[in-house]
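Residue-level structural notes
Residue-level listing of the chains:
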Amino acid sequence: MIQIQQVSKTYDRGRSFAVQRVDLEVGVGELLVLLGDSGCGKTTLLKMINRLVEPTRGRILVEDRDVSRVNPVALRRGIGYVFQGVGLFPHMTVAENVAVVPRLLNWEPAACRDRVDELLRLTGLSPRTHRDRKPDELSGGQRQRVGLARALAARPRIMLMDEPFGALDPITRDGLQREFKRLQQALNLTVVMVTHDMTEALLLADRIAVMKQGVLVGTGTPRQILRNPSHPYIAALMETPRRQADQVESMLRSGGEGQ
Amino acid sequence: MTESALADQLRLLPDYLGHHLTLTLVALSSGIAVCLPLAILVTRVKSLQWPVLTVASVAQTIPGLALLALMVPLLGRIGFLPAFIALLLYSMLPILRNTVTGILGVAPDILEAAEGLGMTSRQRLFRVELPLAAPVIIAGIRTATVWVVGSATLSTPVGATSLGNYIFSGLQTQNSTAVLVGCAAAAVLAIVLDQLIRLGELAVAGRSRTKGWLAGAGLLVMLLSTVILQIPTAKGSAVVVVGAKPFTEQYVLAEAIAQRLTQAGLRAENRSSMGSMILFDALTDGHVDCYVDYSGTIWANVMKRQDLPPRRDLLEQMKAWLQREHQVRVLAALGFENNYGLAVPRHKAEALKLASIRDLTGHAPQMTIGADFEFFVRPEWTALRDAYRLDFRERRTFDPSLMYAAAREGVVDVISAYTTDGRIIEYDLAVLSDPLQALPPYDAVLVLSPAAARRAELVRALEVFDGSIDDKTMRAANKRVDVDGESPAQAARFLLKAVGLSSPG
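Once a new chain begins, its residue numbering starts again from 1 and follows that chain's sequence as written. Note on labels: chains are lettered from A, ligands numbered from 1, in written order. In view of the model being predicted, local features appear only for residues whose pLDDT reaches at least 70, and side-chain atom pairs are presented and counted only at 80 or more, with totals across whole chains, interfaces and linings using the full set of residues. The side-chain figures draw on all heavy atoms in the structure; neither hydrogens nor water molecules are used.

Residue and element names in this part refer to chain B. Here five strands make up an open sheet; going across it, the order is 7-6-8-5-9 and the pairing mixed. Lying at the two open borders of the sheet, with one neighbouring strand each, are strand 7 (394–397) and strand 9 (429–431). The average angle at which neighbouring strand axes cross in this sheet is 35°, direction not considered. A pair of strands is labelled paired if DSSP reports no fewer than 2 bridges between them. A run of DSSP states H or I qualifies as a helix once it reaches four residues; a run of E qualifies as a strand once it reaches two. Both are numbered from the N-terminal end. Bridge count between strand 5 (residues 340–345) and strand 8 (residues 414–418): four bridges; the pairing is antiparallel. Within strand 8, the position partnered with Y340 by the bridge is Y418. A contact between two residues is defined here by any heavy atoms of the two lying within 4.5 Å. Note on geometry: axes are C-alpha line fits, over the in-contact stretch for helices, and angles between N-to-C directions span 0 to 180 degrees. Relative to strand 8, helix 17 (residues 400–408) is tilted by about 135°, and along the sheet it contacts strand 5, strand 6 (368–371), strand 8 and strand 9.

Moving on: the packing of aromatic side chains. Side-chain rings of Phe, Tyr and Trp, where Trp is taken by its six-membered ring, are said to pair if the distance between their centres is within 6.5 Å; with planes under 30 degrees apart they count as stacked, over 60 as edge-to-face, and otherwise as tilted. If you walk through the whole model with that rule in mind, you get 13 aromatic pairs over all chains. Where Y81(A) meets F83(A), the ring centres are 4.3 Å apart and the plane angle is 20°; that geometry is what we call stacked. Given a relative accessible area of 1%, Y81(A) falls into the buried group. The buried category is assigned to F83(A), whose relative accessible area is 2%. A centroid spacing of 6.4 Å and a plane angle of 25° characterise the contact between F247(B) and Y294(B), whose relative ring orientation is stacked. With F247(B) in the loop between strand 1 (239–243) and helix 11 (248–263) and Y294(B) in strand 3 (residues 290–294), this residue pair connects regions lying 47 residues apart in the sequence. Relative accessibility under 20% of the residue-type maximum defines a buried residue, over 50% an exposed one, and the middle range a partly exposed one, all with a 1.4 Å probe and only protein chains included. Given a relative accessible area of 3%, Y294(B) falls into the buried group. Here the aromatic residues F247(B), Y294(B), Y340(B), F375(B), F376(B), W381(B), F392(B), Y418(B) and Y442(B) are joined through ring pairs into a cluster of three or more.

This part takes up the pattern of salt bridges. Residue and element names in this part refer to chain B. Within this document, salt bridges are pairs made up of a side-chain nitrogen of Lys or Arg and a carboxyl oxygen of Asp or Glu, the two lying within 4 Å of each other. Tallied over the entire structure, the rule returns 32 salt bridges over all chains. R480 serves as the salt-bridge partner of E486, at 2.9 Å between the closest nitrogen and oxygen. Residue class for E486 comes out buried when judged on its relative accessible area of 15%. Since its relative accessible area comes to 26%, R480 is described here as partly exposed.

Each patch is built from salt-bridge-free residues with over 30% relative accessible area, joining like charges within 9 Å and nonpolar side chains (Val, Leu, Ile, Met, Phe, Trp, Tyr) within 5 Å. Computed by Shrake-Rupley with a 1.4 Å probe, the accessible areas treat only the displayed protein chains as cover when residues are assessed. Residues L70(B), L74(B), L75(B) and L81(B) make up a contiguous nonpolar surface patch of roughly 340 Å² in combined accessible area. Take the nonpolar patch: its biggest share by element is three residues, from helix 4 (residues 64–75) of chain B.

Time to look at the side chain of N97(A). Residues and elements named next belong to chain A. Following the sequence through the fold, N97 ends up in helix 3 (residues 94–98). Looking at N97, the relative accessible area reads 0%, which means it is buried. Polar contact is defined as a pair of N or O atoms within 3.5 Å, subject to the rule that within protein one atom must be able to donate a hydrogen and the other to accept it, and that residues adjacent in sequence are counted only when both atoms are side-chain atoms. Engagement of the side chain of N97 in a polar contact is seen with the side chain of R150, the distance being 3.5 Å. Those residues in contact with N97 that lie beyond four places of it in its chain are L88, F89, M92, P135, V146 and R150.

At the junction of the two partners, chain A supplies 21 residues and chain B supplies 17 residues. Buried area, as used here, totals the accessible surface that two parts lose on assembly, with accessibility defined by a 1.4 Å probe and the loss added over both. Of the roughly 1,700 Å² buried where chain A meets chain B, counting both sides, 63% is carbon and sulfur surface. Counting the surface chain A buries against chain B, the share from its top three residues, F89(A), H91(A) and L104(A), is 29%. If you look at where chain A meets chain B, you find two salt bridges. Residue K47(A) is joined to E112(B) by a salt bridge in which the shortest nitrogen-to-oxygen separation is 2.5 Å. Viewed at the interface, chain B and chain A are joined by four residue pairs in polar contact (both at pLDDT 80 or more).

Turning our attention to the confidence of the model for chain B. Residues and elements named next belong to chain B. Residues of chain B with pLDDT of at least 70 account for 97%, and the chain-wide mean is 87. What pLDDT expresses is the predictor's confidence in each residue, scored from 0 to 100. Low pLDDT, under 50, characterises residues 233–237; the stretch is placed with six contacts to residues that sit more than four places away or in other chains. Among the prediction metrics, the complex's ipTM stands at 0.88, with pTM recorded as 0.76.

So, on to the side chain of T473(B). Along the polypeptide, T473(B) turns up in helix 21 (residues 471–482). In this structure T473(B) touches F494(B), L495(B), A498(B) and V499(B), once residues within four positions along its chain are discounted.

This next bit is on helix 4 of chain B. Residues and elements named next belong to chain B. Taking 1.5 Å of rise per residue, the twelve residues of helix 4 would be expected to cover 16 Å, and the 17 Å separating its terminal C-alpha atoms lies within 8% of that figure. For helix 4, every residue scored as buried is listed here: G64, L67, L68, M71 and V72. When helix 4 is viewed along its axis, its buried side chains cluster within an angular range of 155° and face the same direction. In this structure, helix 4 carries P73 and L74 as exposed residues pointing more than 90 degrees from its buried face. Next to the buried residues of helix 4 lie helix 3 (49–61), helix 5 (80–104), helix 7 (121–151) and helix 12 (276–284). The first or second residue beyond helix 4 is G76, which carries a positive phi of 70°. Helices are assigned an expected span. That span is 1.5 Å times one less than the residue count. The arc in question is the one spanned by the directions pointing from the helix axis to the C-beta atoms.

As structure tokens, this is what we get:
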């Protein structure tokens with residue numbers, strides 16, 4: 001579905017690399033997580049897929065077409081995007097936010113309306129109560145859901161997600177993550193998701209690609225990554241969730257502290 | 001008395017308000033039409049930002065009156081055009097700066113979302129950037145509105161009628177009713193326009209149809225009233241434009257001429273409070289049809305002559321010169337002189353034994369002289385100073401209406417008085433004689449533009465003024481305004497009656 005071939009992005013005329021010679025493939029219906037510290041180039045790589053950033057070298061194919069030969073506006077309208085910090089338009093209602101891309105694509109108003117209601121229900125919001133609200137009248141979790149609905153509006157087959165569940169409290173985040181995973185499987189969406197949250201990556205991903213300082217250091221299923229890390233950096237990364245899991249488990253086994 | 005004074009002023013309101021509103025609305029809408037695209041361009045081409053905003057800021061720092069006055073020589077004409085251009089420049093900075101600030105203030109993550117969802121740059125502008133910047137942009141437009149309504153009052157001296165006519169003539173004639181009416185009307189207009197825009201903004205933001213209709217209706221009323229208010233004056237070529245310089249005698253004479261023209265069945269319109277040279281230029285190019293000037297003023301300032309022939313000769317030579325050089329016709333010498341003279345309070349003149357300007361020479365280094373804005377840059381002053389070797393300790397300029405009081409109260413020792421001013425007697429001032437005849441005679445003359453001189457009915461209506469007004473009558477008419485608080489229109493009725501020109505009834 002998406003092929004990333006020898007892609008590099010340099011700034012300062014080649015002196016500093018944001019992304020260095022990355023090769024990566026994402027299959028149909030696969031949820032690939034790009035994992036790494038902030039500044040490792042994962043967001044830059046994500047943005048090169050819909051040409052928000054242009055690669056310096058290499059090429060990217062989406063559904064077998066070289067994206068550099070596709071009109072960027074048309075390309076973006078065909079790919080769902082969930083932005084870091086959601087980026088809802090504050091002057092538009094929830095319904096208007098969700099219908100942005102369908103309207104850019106000149107859908108009939110009635111079709112837009114129906115689609116908005118369908119998506120609000122799909123993302124766990126009530127069309128009646130939420131349709132006409134402004135973003136600042138929503139909770140963080142509700143905003144996140146609207147962001148998701150907006151990305152799904154024009155029925156894309158590919159979704160790009162930049163830390164989509166960041167800035168949410170753990171319970172809301174957990175609920176949303178599981179709902180999204182169900183949705184993704186039901187719609188057979190191909191997803192590239194950026195995160196620096198190891199647990200999120202392990203729980204959601206079909207496959208994880210770990211990046212460090214612009215270089216792809218390894219890929220694998222969550223199980224492979226956890227059990228046989230192919231790179232010392234991956235092993236170090238996995239140390240944290242592993243230790244946390246062990247601590248939780250030992251607490252459960254001893255019957256819990258303070259009881 | 002007070003009631004009739006107010007009624008006298010309110011009679012002028014439709015005309016002044018109509019012109020003011022037209023000027024304001026045209027300047028503002030042009031300002032918006034120019035500045036919005038320019039501001040958008042500036043946000044796209046960053047290198048333009050500094051130069052464009054700097055130019056707008058500089059235009060803003062020029063005082064309103066100076067900016068307006070500057071437009072006259074730049075455009076070579078008076079009236080609506082220079083006022084419009086100056087006000088347009090004046091409206092630019094708040095609109096430009098707020099639009100740029102508003103657009104650049106849209107959060108980067110919102111812009112990225114717009115781009116990432118597949119908006120073209122135009123869609124991003126109209127669907128995201130402009131709606132989000134709208135409150136800031138509208139705040140700028142409202143600021144510009146209030147400024148332009150206020151500054152438009154300054155377009156009176158460049159020959160565009162506005163509510164400033166009340167203020168300028170009111171200040172000169174010490175008619176506080178006129179000044180108050182002008183200020184109040186301008187303030188009300190500014191508030192109404194500002195609130196209409198605010199209402200429109202609320203209507204859009206709150207998607208309220210009622211507010212939208214109200215704002216639309218209000219704006220429509222404004223637009224219609226510019227047309228309706230000006231219907232009486234919009235009768236085209238038949239209107240005779242009567243000019244006046246900014247002092248009482250000129251207002252009274254312009255009113256008297258206008259009243260006389262009305263009696264004769266012609267339509268007259270006054271353009272008051274214009275500077276001497278602006279007025280003369282306006283006459284030669286036909287923007288003003290007639291006004292009263294003074295022979296000495298034209299002799300020294302327009303003809304640039306330094307010699308001084310006797311009064312009759314000077315008048316004849318001037319008539320011939322104006323006809324030859326400018327096709328300007330001197331229709332009538334009104335019969336009185338309004339000379340420049342140096343005046344001192346009588347008690348001071350007696351104490352220092354001052355009878356002629358020559359007696360001043362020795363005292364001048366200890367004295368302060370006050371004059372109107374023009375006097376010290378006019379050739380008459382140079383001639384006077386050199387002839388009597390006058391070397392005053394200090395020179396101060398005043399509004400003519402304040403100059404006499406300054407002399408009475410001892411703020412200055414000597415003033416450049418107009419000899420027909422009623423306040424010379426009222427304030428007990430002594431006019432010093434000019435034995436060396438350094439100052440020319442200032443016969444009041446009614447001058448016609450080349451076009452006006454060809455209109456027989458106009459010439460017939462006004463030639464009766466020839467030799468009709470003597471010094472005493474003119475001084476009495478001036479005093480009615482400056483001392484007794486009458487309006488120029490009332491004084492003009494007195495003047496016409498006194499010289500036997502008022503129509504029966």
